[in-house]
Amino acid sequence: MSTDLLNRIQSPADLRALDRRDLNQVAEELRAFVLESVSRTGGHLSSNLGTVELTIALHYVFDTPHDRIVWDVGHQTYPHKILTGRRDSMATLRQAGGISGFPKRTESEYDAFGTAHSSTSISAALGMAVASRNAGMDRQHIAVIGDGSMSAGMAFEALNNGGVTSDINLLVILNDNDMSISPPVGALNRYLARLMSGRFYAAAKNVSKAVLAHVPPVLELARRLEEHAKGMVTPATLFEELGFNYVGPIDGHDLESLVPTLQNMRKLTGPRFLHVVTRKGQGYKLAEADPVLYHGPGKFDPAVGIRKPGTPPKQTFTQVFGDWLCDTAAADTRLVGITPAMREGSGMVEFEQRFPNRYFDVGIAEQHAVTFAAGIACEGQKPVVAIYSTFLQRGYDQLVHDVALQNLDVTFALDRAGLVGADGATHAGNYDIAFLRCIPNMVIATPSDEAECRLLLSTCYEHVGPSSVRYPRGAGRGAIPARTLDTVPVGKGIVRRESSSASADRGVVILAFGTMLVPATAAAESLDATVVDMRFVKPLDRELVLELAARHAAIVTIEEGCLMGGAGSAVTEALNAAGVTMPVLQLGLPDQFIDHGDQATLLAGLGLDAKGIEASIRGRFAKVLGTGAKAAAA
Ligand SMILES: Cc1ncc(C[n+]2csc(CCOP(=O)(O)OP(=O)(O)O)c2C)c(N)n1
Ligand SMILES: CC(=O)[C@@H](O)[C@H](O)COP(=O)(O)O
Ligand SMILES: [Mg+2]
């Protein structure tokens, strides 16, 4: 792999010093580097292979970091990271202590805005553009947004605002690869496809080639814009109607088009919109052929591609959900499955194949997903919204106002609850217990393993009213769920281990919420503690809590969620309400954002593995441990 030119680029200034004719070579080297690097670390591949030329052109034309590039989602910023001084750090990508997989303001001055949740770029860039205008600053602001991310309401809220904001330097670049993580959905996608297709695309391409050859670029651009305005070339696009100077579509892999077009558009003022067409996975045949598989792969050999593992891995919670969804849909024709653009990640591929009429990918539109489900529930059908905990944050008002307030029968399958590993703080599902707990009518179930997950999904589905089942990324202890649709009583916990020596003066009871039951049980062996699988945060099994409080000296609560307002707080509130005063140790996630890294290592670092739990309990309750407790290991 040649890296002759790439070696010379320590910062975008070095790139800008190159002759324009060298840029194709830079693109070749950069693409090869991205592929090699991601194959060693894992990460988002397809989108990054698709943004190589666009990234080069942007840093070549614009004066970064003075000019601001705001990337949407930010999963496509590896070329940007490499060109902005982080090439060597790519070996540490998404690992503890290493660089993030997304733009981060604290990581580089070139990362103008922190992201990872989608569809924020136009709002942020518009805000920056207004701030620069107000400060009399000569600066360009560029939002780069994908076609999938453009489907979110927030992107349109920003266009609506930006199109009428005067004297701003705002360029929105639509990076249209006709893909979200899965194939794109919705009417906007159809519209973009029409813009790209047939005569219009061919004409636009030819016009731009002719322009570049003969006419001073700015004059030509002005002519085209005037023609657009008069409706001489084609009807005005949606983006022009919203007040943006629209140019495109142009080939986003053709530096001969990209660079001069950006140079021209840079000279204009006001809200501008450039539509570039790229291909997800560009330049790596396997990713081009299957961009979904290569969206976010683990490590792989680029010469061979992603291979199925020899021994089948443990079933993930996501797969448990996917199986349960299909089985329940087969038994109940009222079930409707909804995903906001996360079909694969949420385990709904088989459901879509088997129940296409009851499957809805609504695009990156979490707010809509929640209220859409509310509408379905109003008519007596039973929606299941499969959504990552972190993305439900987007639909919070809809959850409160549209679902819970009307006590509608919507089941939320909350995947990626707790720490998620390589994606880090942006994607961590740390807050759902706290933000759901305070909503009246809401049921919150926290399965401790895969078998419990299925039981609690059925239980919440059968419960009439809003409910949620939260489960983490990956696999649990490996419990194999029975393929039944059995349910358990709502709001009842279950004692899993009894201390041999508990009394009102001695002995500790651990109330575990979710998968923390597993390390808690391991710790309890040496502490001779009682262990309870609480199953539900809400309704909390108050009766059981009070009964256990009466016959133990201390209570420990444990959850993989934020401590503030979490399940432990629910227990202390219940004790207070009953006038019970006793020592309670709450274990969970601290009041800080937790960066990327291996899930298990991060949990251990926070004292949430068996060793850490035991140490915390001994540290706090050594004097009241049951007589059956073993001595602390040296
Ligand atoms: C609010 C939110 N919902 C869902 C996601 C998950 N997600 C990450 S990338 C992506 C697809 C984005 O598609 P697009 O913007 O077209 O970028 P591409 O992957 O095609 O480069 C999705 C759904 C997210 N990051 N943020
Ligand atoms: C960028 C983004 O939001 C998704 O691609 C996310 O990284 C997927 O996470 P999972 O790998 O947990 O599905
Ligand atoms: Mg896309």
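Position numbers for residues start from 1 in each chain and track the written sequence from start to end. Labels follow written order: the first chain is A, the first ligand is 1, and so on. Only residues with pLDDT of at least 70 are given local features in this predicted model, and only at 80 or more are side-chain atom pairs given and counted; all residues enter the totals for whole chains, interfaces and linings.

Trainee: Provide a residue-level description of the pairing of strand β16 (residues 554-562), including the pertinent values.
Mentor: Here β16 lies mainly inside the structure; nine of its nine residues are buried. Should DSSP find at least two bridges between two strands, the strands are taken to pair. Helix and strand assignments follow DSSP, with helices taken as H or I runs no shorter than four residues and strands as E runs no shorter than two, numbered in order from the N terminus. In this sheet, β16 lies alongside strand β13 (residues 508-512) in parallel orientation, the contact comprising five bridges. Across the sheet, I510 pairs through a bridge with V556, a residue of β16. Here a residue counts as buried when 20 or more other C-beta atoms sit within 10 Å of its C-beta, as exposed when there are 12 or fewer, and as partly exposed otherwise, the C-beta atoms being derived from the backbone.

Trainee: Describe the site of ligand 2, and please don't skip the residues or the numbers.
Mentor: Here, nearness is defined through the C-beta atom: a residue counts as near a molecule or strand if that backbone-placed atom lies within 6 Å of it. In the neighbourhood of ligand 2, the contacting residues comprise V73, H75, A116, I181, G296, G345, R416, V420, D423 and R473. Marked domain ranges trace back to an automatic or database domain assignment. Built from parts of two domains, the shell around ligand 2 gets at least three residues from each of domain 1 (4-289) and domain 2 (317-470).

Trainee: Describe the environment of F102, and please don't skip the residues or the numbers.
Mentor: The topology assignment puts F102 in the loop between α6 (78-86) and α7 (121-134). As for F102 and D423, which are separated by 321 residues in sequence, their C-alpha atoms are 8.1 Å apart. By the criterion used throughout, residues are in contact when their C-beta atoms, derived from the backbone, lie within 7 Å. Apart from the residues within four sequence positions on either side, F102 is in contact with G74, H75, T77, T115, A116 and T426.

Trainee: Any chance you could break down the packing of α7 against helix α8 (residues 153-162) for me, citing the residues and the numbers?
Mentor: A pair of packed helices is characterised by two quantities: the angle between their axes and the separation of those axes. The axes are straight lines fitted to the C-alpha atoms, using for helices just the contacting stretch, and the angles between their N-to-C directions are given from 0 to 180°. Where α7 meets α8, the axes come as close as 7 Å, and the angle between the chain directions of the two elements is 30 degrees. Here α8 runs roughly parallel to α7, going by the angle between their axes. Of the residues in α8, those in contact with I122, S123 and L126 of α7 are M154, A155, A158, L159, N161 and G162. Across the contact of α7 with α8, the residue classes break down as six nonpolar, three polar and no charged. By the definition adopted for this analysis, an angle is roughly parallel if under 35 degrees, roughly antiparallel if over 145, roughly perpendicular if from 65 to 115, and oblique otherwise. Three residue categories are used. Nonpolar comprises Ala, Val, Leu, Ile, Met, Phe, Trp, Tyr, Cys and Pro, charged comprises Asp, Glu, Lys and Arg, and polar comprises the others, including Gly.

Trainee: Summarise the site of ligand 1; cite the residues concerned and give the values.
Mentor: The immediate surroundings of ligand 1 are formed by 21 residues, with S47, S118, G146, G148 and S149 found nearest. Here the residues of the shell around ligand 1 sort into seven nonpolar, 10 polar and four charged. Taken domain by domain, the makeup of the shell around ligand 1 includes at least three residues from each of domain 1 (4-289) and domain 2 (317-470).

Trainee: Residues and numbers for the domain arrangement of the chain, please.
Mentor: Per the domain assignment, the segments of the chain are domain 1 (4-289), domain 2 (317-470) and domain 3 (495-624). Residues that form the side of domain 1 that touches domain 2 fall into these classes: five nonpolar, 13 polar and one charged.

Trainee: Give me the lowdown on the UniProt feature "binding site: thiamine diphosphate" (unreviewed entry) in the chain, citing residues and values where you can.
Mentor: In this structure's numbering, the residues bearing the UniProt feature "binding site: thiamine diphosphate" (unreviewed entry) are H75, A116, H117, S118, G148, S149, N177, Y284 and E366. In sequence the annotated residues extend across 292 residues, and in space they extend as well, their farthest C-alpha pair lying 31.9 Å apart. Inspection of the secondary structure puts A116 in the loop between α6 and α7. Judged by C-beta crowding, with 19 C-beta atoms within 10 Å, A116 ranks as partly exposed. Apart from residues lying up to four places away in sequence, A116 is in contact with V73, G74, F102, D423, T426 and H427. Within the secondary structure layout, E366 lies in helix α17 (residues 366-378). Classification of E366 as buried rests on a count of 30 C-beta atoms within 10 Å. UniProt positions are given in the numbering used here, feature names are shortened, and annotations may be inferred rather than shown by experiment.

Trainee: Quick one: what's the story with the sheet that holds strand β11 (residues 467-470), residue by residue and with numbers?
Mentor: Pairing is mixed in the open sheet, where seven strands are placed in the order β7-β6-β8-β9-β11-β10-β15. The strands lining the two open edges of the sheet, one partner per strand, are β7 (359-361) and β15 (536-538). Between one strand and the next, the sheet's axes are offset by a mean angle of 20 degrees, whatever the strand orientation. Across four bridges, the pairing between strand β9 (residues 411-415) and β11 is parallel. Bridge pairing in β11 places L414 opposite R470. α17 contacts β6 (335-339) and β8 (382-388) of the sheet and is inclined by roughly 165 degrees relative to β8. Relative to β11, helix α21 (residues 450-462) is tilted by about 170 degrees, and along the sheet it contacts β8, β9, β10 (443-445) and β11.

Trainee: Account for the sheet that holds β13, with residues named and values stated.
Mentor: Hydrogen bonds between backbone groups are what pair the strands of a sheet, and the pairing can be parallel or antiparallel. On the basis of which strands lie adjacent, the open sheet formed by five strands has the order β12-β14-β13-β16-β17 and mixed pairing. At either end of the open sheet lies a strand with only one pairing partner, and these are β12 (494-497) and β17 (584-589). Neighbour-to-neighbour, the strand axes of this sheet turn through a mean angle of 25 degrees, independent of strand direction. In the packing of helix α24 (residues 567-577) onto the sheet, contacts are made with β13, β16 and β17, and the angle to β16 comes to roughly 145 degrees. On top of the sheet, helix α26 (residues 610-621) reaches β13, β16 and β17; it is set at about 150 degrees to β17, its chief contact.

Trainee: Please set out helix α23 (residues 542-550) residue by residue, giving values where relevant.
Mentor: Three or more residues of α23 are buried, namely V545, L548 and A549. Seen along its axis, α23 keeps its buried residues to an arc of 105 degrees; they face one direction. Relative to its buried face, α23 has exposed residues pointing more than 90 degrees away, namely E543 and A550. For α23, the secondary structure elements touched by its buried residues are β13, β14 (530-533), β16 and α24. This arc is built from the directions going out from the helix axis to the C-beta atoms.

Trainee: Could you give me a rundown of the nonpolar core, with the residues and numbers involved?
Mentor: Membership of the largest hydrophobic core comes to 168 residues, with the highest contact counts inside it found for V508, I510 and A512. Excluding its chain neighbours within four sequence positions, the residues that come into contact with I510 are A520, A524, A529, T530, V531, V532, V556 and I558. Think of a nonpolar core as buried Ala, Val, Leu, Ile, Met, Phe, Trp, Tyr and Cys residues chained together by C-beta atoms that fall within 7 Å.

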